[in-house]
Amino acid sequence: MVYYHCFSDKHILCKNYIYHYNPPLGSITLASDGKSLTGLWLDGQKYFPYKLISESIETELPIFTQAIKWLDTYFGGKVPNFTPPISIQTTPFRKAVYDILLTIPYGQTMTYGEIANIIAKQNGVERMSSQAVGGAVGHNPVSIIIPCHRVVGADGSLTGYAGGLDRKIELLKLEKAI
């Protein structure tokens, strides 16, 4: 289950914990509030939260065990049959984007425009900006588990990925999506 803490411009401070995991793709940093996963970043990716990481306590937690079980299953080429508890602070718009990302099946992709159209329909408006969707996708704080790597350009091209295009390609190859 994914819990979102929505905010506009006010950031809520809480105790943060981190753990490092080393899959074949390169080092990953996981973050938690002690109960849920609050972040999962490919080390060095765009928007990597260096300050958060430097202010966190590195430790083992049950949530990290669950997340690593999910990642081991995923990197083992299988579809994980559960999602570890996730709790992220975000805006209502980004929440809507992340909810849609979670519906993209393993091994399949969706375009930024398709996501924009879904959000427009949900909000009863004619159009939604694909670029705004791209911004939300690019700032996804729980990479891989919230599968932002499954989002492609309008023509199916592999565009943008905060973790790097080479890593996006590897993730999609692992899923046999390309």
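Owing to the predicted nature of the structure, the values given are computational and were not obtained by experimental measurement.

Of the regular secondary structure elements, the protein holds six helices and eight strands. When its helices and strands are written in sequence order, the protein yields β-β-β-β-α-β-α-β-α-β-α-α-β-α. Summarising its shape, the C-alpha atoms of the protein cover approximately 45 × 40 × 30 Å along the three principal directions. Expressed as a percentage of the 178 residues in the protein, the buried residues total 44%.

With that settled, the discussion passes to the packing of aromatic side chains. Taken as a whole and assessed by the stated rule, the structure comprises five aromatic pairs. Aromatic side chains Tyr 19 and Phe 64 sit 5.7 Å apart centroid to centroid with 25° between the ring planes, which places their arrangement in the stacked category. Of the two residues, Tyr 19 is situated in strand β2 (residues 17-21) and Phe 64 in helix α2 (residues 62-75); the sequence distance between them amounts to 45 residues. Looking at Tyr 19, the relative accessible area reads 22%, which means it is partly exposed. Here Phe 64 falls in the buried class, since its relative accessible area comes to 1%. Centre to centre, the rings of Trp 70 and Tyr 74 are 5.4 Å apart; their planes meet at 10°, and the pair counts as stacked. Of this pair, Trp 70 and Tyr 74 are both found in helix α2, four residues apart, which corresponds to roughly one turn of the helix. Taken individually, Trp 70 and Tyr 74 each receive the classification buried, so the pair is uniform in this respect. Chaining the aromatic ring pairs together yields one cluster made of Trp 70, Tyr 74, Phe 75 and Tyr 106.

Now for the confidence of the model for the protein. On average, the protein scores 90 in pLDDT, and the residues at 70 or more come to 92%. Confidence, expressed as mean pLDDT per element, reaches its minimum in the protein at strand β1 (residues 2-6) with 45 and its maximum at α2 with 98. Segment residues 3-13: pLDDT under 50, and 22 contacts once partners within four positions in sequence are set aside and those in other chains are kept.

Let's shift gears to the packing of helix α4 (residues 112-123) against helix α5 (residues 130-138). Packing of α4 against α5 leaves a shortest axis separation of 8 Å and a crossing angle of 105°. By the angle between their axes, α4 is roughly perpendicular relative to α5. Of the residues in α5, those touching α4 at Tyr 112, Gly 113, Ile 115, Ala 116 and Ile 119 are Ser 130, Val 133, Gly 134 and Val 137. Classifying every residue of the contact of α4 with α5 gives six nonpolar, three polar and no charged.

Moving on, we come to the packing of helix α3 (residues 92-101) against α5. Remark: α3 packs on α5, axes separated minimally by 9 Å, with the N-to-C direction vectors making an angle of 75°. With respect to each other, α3 and α5 are oriented roughly perpendicular. Contact with α3, carried on its side by Phe 93, Arg 94, Val 97, Tyr 98 and Leu 101, involves Ala 132, Val 133, Gly 135, Ala 136 and Val 137 of α5 and no other residues of that element. Taken together, the residues of the contact of α3 with α5 break down into eight nonpolar, one polar and one charged.

Moving on, we come to the pattern of salt bridges. Using the criterion set out here, one finds three salt bridges in the structure. For the salt bridge of Asp 99 with Lys 95, the shortest nitrogen-to-oxygen distance reads 2.7 Å. Taken together, the positions of Asp 99 and Lys 95, both in helix α3 and four residues apart, correspond to about one turn of that helix. Note that Arg 150 is salt-bridged to Glu 175, the shortest N-O span being 2.8 Å. In this pair, Arg 150 sits in the loop between α5 and β8 (151-152) while Glu 175 sits in the segment after α6 (165-174), placing the two residues 25 residues apart along the sequence.

The rules behind these values
- Residues numbered from 1 in each chain as written.
- Predicted model: local features only at pLDDT ≥ 70, side-chain atom pairs only at ≥ 80, totals over all residues.
- Heavy atoms only, no water.
- Helix = DSSP H or I, 4+ residues; strand = E, 2+ residues; numbered from the N terminus.
- Buried < 20%, exposed > 50% of the residue type's maximum accessible area, 1.4 Å probe, protein only.
- Phe/Tyr/Trp six-rings, centres within 6.5 Å; stacked < 30°, edge-to-face > 60°.
- pLDDT = per-residue confidence, 0-100.
- Contact = heavy atoms within 4.5 Å.
- Axes fitted to C-alpha atoms, helices over the stretch in contact; angles between N-to-C directions.
- Parallel < 35°, antiparallel > 145°, perpendicular 65-115°, else oblique.
- Nonpolar A, V, L, I, M, F, W, Y, C, P; charged D, E, K, R; others polar.
- Salt bridge = Lys/Arg side-chain N within 4 Å of Asp/Glu carboxyl O.

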